[in-house]
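What the coordinates show
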Amino acid sequence: MRDGARRVAVTGMGAITPLGHSIDETWRAALAGASGIGPITQFDPSGVQTTFAGEVSGWDPESVIVKREARRLDRSAQLFIGAAQQAVDDAGIDFTDGGEAADRAGVVVGSGLGGMMSFDHQVKVMVSRGADRISPLAVTMIIPNEAAGVASIRFNMRGPVTCVVTACAASANAIGDAAEIIRRGAADVMLAGGCEATVCEFGIGSFNKSRALSTRNHDPTGASRPFDLERDGFVLSEGGACLILEDWERAVSRGARIYGEVIGYGMTSDAYHVTLPRPGGRGAARAMQAALKDAGLQPEQVDYINAHGTSTRANDVTETLAIKLAFGDEAARTVPISSTKSMTGHLMGGAGAIESIFCLLAMNHGVIPPTINYTTPDPECDLDYVPNEARPSEVGYAMTNSFGFGGHNVSLIFGPGV
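Residues numbered from 1 in each chain as written. Predicted model: local features only at pLDDT ≥ 70, side-chain atom pairs only at ≥ 80, totals over all residues. Heavy atoms only, no water.

Section: the packing of aromatic side chains
One pass over the full model with this rule turns up five aromatic pairs. When the ring of Phe119 is compared with that of Phe202, the centres are 5.6 Å apart and the planes differ by 75°; the resulting orientation is edge-to-face. Linking Phe119 in helix α5 (residues 116-129) with Phe202 in helix α9 (residues 201-209), this pair joins segments that are 83 residues apart in sequence. Residue Phe119 is classed as partly exposed on the basis of its relative accessible area, which comes to 32%. (Phe/Tyr/Trp six-rings, centres within 6.5 Å; stacked < 30°, edge-to-face > 60°. Helix = DSSP H or I, 4+ residues; strand = E, 2+ residues; numbered from the N terminus. Buried < 20%, exposed > 50% of the residue type's maximum accessible area, 1.4 Å probe, protein only.)

As for the pattern of salt bridges
According to the stated counting rule, one finds 21 salt bridges in the structure shown. A salt bridge links Asp219 to Arg216, with the nearest nitrogen and oxygen atoms 3.2 Å apart. We classify Arg216 as buried; its relative accessible area is 16%. Here Lys324 and Asp382 are joined by a salt bridge, their closest N and O atoms 2.7 Å apart. Of the two residues, Lys324 sits in helix α12 (residues 313-327) while Asp382 sits in the loop between β11 (367-368) and β12 (391-392), which places them 58 residues apart along the sequence. Take Asp382: its relative accessible area is 30%, and that puts it in the partly exposed class. Overlapping salt bridges bring together Arg6, Arg104, Asp188 and Asp247 as one network. (Salt bridge = Lys/Arg side-chain N within 4 Å of Asp/Glu carboxyl O.)

Observations regarding the environment of Pro387
Summarising the element assignment, Pro387 is placed in the loop between β11 and β12. We classify Pro387 as partly exposed; its relative accessible area is 36%. When the C-alpha positions of Pro387 and Asn373 are compared, they lie 7.8 Å apart, and in sequence the two are 14 residues distant. With sequence-adjacent residues up to four places away left out, Pro387 is seen in contact with Thr371 and Tyr374. (Contact = heavy atoms within 4.5 Å.)

Topic: the sheet that holds strand β5 (residues 161-164)
Pairing is mixed across the open sheet formed by 10 strands, whose spatial order is β5-β4-β6-β7-β1-β8-β14-β13-β9-β10. The open sheet has two free edges, formed respectively by β5 and β10 (337-338), since each of these has just one partner strand. Bridge count for strand β8 (residues 260-269) against strand β14 (residues 408-415) is eight bridges, and the pairing is antiparallel. In the sheet register, Tyr265 faces β14, and the bridge partner there is Leu412. Relative to the sheet, α12 contacts β9 (304-306), β10 and β13 (398-404), its axis offset from that of β13 by approximately 135°. (Pairing = 2+ DSSP bridges. Axes fitted to C-alpha atoms, helices over the stretch in contact; angles between N-to-C directions.)

Focus on unusual backbone geometry
Positioned with a positive phi, Ala167 is a non-glycine residue whose angle comes to about 55°. As for its placement among the helices and strands, Ala167 is situated in the loop between β5 and α8 (170-183). For Ala167, a relative accessible area of 18% corresponds to the buried category. One non-glycine residue, Phe227, lies in the positive phi region at around 70°. Position of Phe227 among the secondary structure elements: in the loop between α9 and β7 (239-247).

Quick notes on the nonpolar core
Within the largest apolar cluster, 50 residues are counted, with the highest numbers of intra-cluster contacts made by Val10, Met13, Met190, Leu243, Leu245, Ile357 and Phe414. The dominant element in this core, judged by the number of residues it contributes, is helix α15 (residues 351-365), at 10 residues. (Core = buried A, V, L, I, M, F, W, Y, C linked by side-chain atoms within 4.5 Å.)

Examining helix α1 (residues 23-31)
Ile23, Thr26, Trp27, Ala29 and Ala30 are the residues of α1 that are buried. Looking down the long axis of α1, one finds its buried residues gathered within 165° of arc, a one-sided arrangement. Of the exposed residues in α1, the ones pointing more than 90 degrees away from its buried face are Asp24 and Arg28. On its buried face, α1 is in contact with β1 (8-16), α3 (75-91), α14 (341-344), α15 and β11. Directly beyond the C-terminal end of α1, a positive phi value near 70° is found at Gly33. (Arc of directions from axis to C-beta.)

Right, here's the structure in full:
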């Protein structure tokens, strides 16, 4: 820990994912090794190459957001507000009365693409009916910062409010940046997380054209298979996840439940390619090393890594090499690693937030979620990926990795809530 910096506690969590509509539902499904992947129902996928995704099925935004407002929000923002409400309720915070406390509460949200479903719909309206039929709400539904702004308004958080758009690293950046805001004393409470909803014709079609998605249409639940030799791409998913970060002393003084502490944050750039990771993993390794240095930990003190683990050829080999570089061969081979994307699919801008939550839950419950669909080992991916079944294990310190198009590398480390 840096001398003089304020400590940052995690006092609330919320999530709406393909595995469940709450933290408890998502966690139980993950420990059971369930898959949230299935055939696409939100549009007719007959015109795209991949016909499955990780959808949030059966969730009604009007259970959280009044109908008139829900209709003004893109699905990504709806999912985030739903998760954020859970986190706010879990933390037991309320700034609706205003005052100085509201002035020192803020929001940072990560999103890779913003309102993609609204964009897809409004472009179709324009093409079929003309530009004068575009919704007057189109701009506010499409902008990536919609979720951050709406959360600030809903919860009356009047301090630092911003949005991070670093592709699949976005919500990990959001959590790290929010922690830094508290550490330097610019706020006392931050709502931090991410969201994405891109299961639409443009979203699936564009990722198909970039050859990033799995096309395992005959076996959707087996399509996300990180580190497995037969992996053929990631699975696009949707969802929202949120953490409440709080100045440690404030949290203790009000008797809040503390799930853990944000103790390490590292970010680097590959400076190499707009979509591919730098071969050898040095950029990702430097992010992990920076997070370890920030946390004041040695590699052997990390008890669990939630990997980026996308199930793509390039990522999984590169991340394996990066862990070896950052941890050294001995520590890399002993630390348990899992990719929960094997179950949730890839929440894109929301991935880092839900994977941070998995780290905190592993710490609090003493069990590591598995990497499912791991059936054929890849000789180039030769670490301990906690295959197929959850593993009881004491987790004192946990790391999560998030890497994004553009070369963004982010690592976060969480410590115990004591």
